[in-house]
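Observations on chain architecture
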Amino acid sequence: MLSYKHGYHAGNHADVLKHIVLIYLYNLLKKHDKSITYIDTHSANGIYKYTSRYMDKTKEYKYGIDKLENYSGNNKLIINYLRVLKKITKNNKFYPGSPFIISNISDVKDKLYLCELHNNEFKNLKKNLSKFNNVKIINKSGFDYIKKLTCINNNFFILIDPSYEIKDDFKEIYNFIDNIELKFQKAKILIWYPILNYYENDIFIETIRKKGISNILNIELPILKDDDSRGMKGSGLLIINFNNKLIFKNLKLLIKELNLYLTDNIDVFKPKVRYL
């Protein structure tokens, strides 16, 4: 697991989906809350240069941010995402990860807790975010960190974004959801997951559904056909405890637009926006 480098995948279609929604939800909360306590369970290092040996090797960003860079549509969520990226990356000299994005759009009243278990990634994250005074960087598993939280009545905003390179990551997601109504009833939660196989993904979603947790909004953006010779077929998000009625409408418009821009054959791939 510790050999995983997000740099190989930075800026791909999954990052695009995740970061557009993350920015949208964070800004939505800031309209109502004077301060946010934000937790990122799997932060990685936060900055990914297009010329690095990781991004340059896989070039996954060509199937994500590259396809949206010259976006000419009118979707407000995509427009705002591109505006944020341009502002914080000095005209797209690198692709920002979730911790760098949130650090830039947060303010001094917000408290950011960023977890990263990988020692090298942890050191680079500290370096990349050294100018931000509202950030605490934690060198441990984000799953372990949130299990030990004692302030269960806090209005946390939690991003859970593991690599899923080991099956235990899915088990950790199940365990976390089992504790939501007990421990995280007031928390706002965003869980990202890859679609590696459509049949197994249906089982994953059905398992989540059967847990009977209220107010889970699920969006999925399939990109590739179900061909075992290829890797991630798409990705999805579980959005928990967000009660704004406009979210469903806005995400439905977003996913339709991303399907148009990021998917090669929109007639084959049907994105989903649904409550579980």
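Since the model is a prediction, treat every value here as computed from it, not as a measurement.

What follows concerns the overall build of the chain. Each helix and strand in the chain was counted, giving 11 helices and 10 strands. By the compact-globule yardstick of 19 Å for 276 residues, the chain fits well, its C-alpha radius of gyration being 17 Å. With the C-alpha coordinates aligned to their principal axes, the bounding extent of the chain is approximately 45 × 45 × 35 Å. Of the contacts formed within the chain by residues at least 6 apart in sequence, a portion of 76% connects residues at least 24 apart. Put simply, the chain shows about 13700 Å² of open surface, and 49% of that area lies on carbon and sulfur atoms. For the chain, the centre of its 45 positive side-chain charges and the centre of its 29 negative side-chain charges are spaced 7 Å apart.

Our focus in this paragraph is the layout of surface pockets. Here the second largest pocket defines a volume of roughly 390 Å³. For the second largest pocket, the lining is made up of 17 residues, of which Y24, N75, K76, L77 and N250 are closest to its centre. Those elements that place two or more of their residues in the lining of the second largest pocket are α1 (13-30), α4 (76-88) and α11 (246-262). It is α1 that contributes the most residues to the lining of the second largest pocket, 5 residues altogether.

Residue placement: K183 occurs in helix α9 (residues 180-183). The buried charged residue K183 lacks any salt bridge partner; its closest oppositely charged side chain belongs to D144, at an N-O distance of 11 Å. Among the polar contacts made by the side chain of K183, one reaches the main-chain carbonyl oxygen of L149 at a distance of 3.1 Å.

Our focus in this paragraph is the environment of C115. As for its placement among the helices and strands, C115 is situated in strand β4 (residues 111-115). Apart from residues no more than four positions distant in its own chain, C115 is found in contact with D40, T41, H42, S43, I138, K140, G142 and Y145.

In this fold, N75 is placed in the loop between α3 (65-68) and α4. With a relative accessible area of 9%, N75 lands in the buried category. At 3.1 Å, the side chain of N75 forms a polar contact with the backbone nitrogen of L77. Polar side-chain contacts of N75 include one of 3.1 Å to the backbone nitrogen of I78.

The next subject is the sheet that holds β4. If you walk across this open sheet you meet the 8 strands as β5-β4-β1-β6-β7-β9-β8-β10, and the pairing is mixed. Each of the sheet's edge strands pairs with one partner strand only, and the pair in question is β5 (135-138) and β10 (272-275). Going across the sheet, the axis of each strand differs from the next one's by a mean of 15°, ignoring polarity. The pairing of strand β7 (residues 188-195) with strand β9 (residues 234-240) spans 7 bridges and is classified as antiparallel.

Not every positive phi belongs to a glycine, and A44 is a case in point at roughly 60°. Positionally, A44 belongs in the loop between β1 (37-40) and β2 (47-49). Assessed through its relative accessible area of 10%, A44 is described here as buried. Unusually for a residue other than glycine, N241 sits at a positive phi of about 75°. Within the fold, N241 resides in the loop between β9 and α11. On the basis of relative accessible area, N241 is assigned to the buried category, the value being 12%.

Conventions and cut-offs
- Residues numbered from 1 in each chain as written.
- Predicted model: local features only at pLDDT ≥ 70, side-chain atom pairs only at ≥ 80, totals over all residues.
- Heavy atoms only, no water.
- Helix = DSSP H or I, 4+ residues; strand = E, 2+ residues; numbered from the N terminus.
- Rg over C-alpha atoms; globule rule 2.2 N^0.38 Å.
- Contact = heavy atoms within 4.5 Å.
- Areas by Shrake-Rupley, 256 points an atom, 1.4 Å probe, with all protein chains shown as cover.
- Lys, Arg positive; Asp, Glu negative; His and termini not counted.
- Charge placed at Lys NZ, Arg CZ, Asp CG, Glu CD.
- 1 Å grid on protein atoms, 1.4 Å probe; cavity = no way out; pocket = protein on both sides within 12 Å on 5 of 7 lines; lining within 4 Å.
- Points joined across faces, edges and corners; volume = space filled by probe spheres on them.
- Buried < 20%, exposed > 50% of the residue type's maximum accessible area, 1.4 Å probe, protein only.
- Salt bridge = Lys/Arg side-chain N within 4 Å of Asp/Glu carboxyl O.
- Polar contact = N/O pair within 3.5 Å; in protein donor to acceptor, adjacent residues only side chain to side chain.
- Pairing = 2+ DSSP bridges.
- Axes fitted to C-alpha atoms, helices over the stretch in contact; angles between N-to-C directions.

Nothing here speaks to function; it is all geometry.
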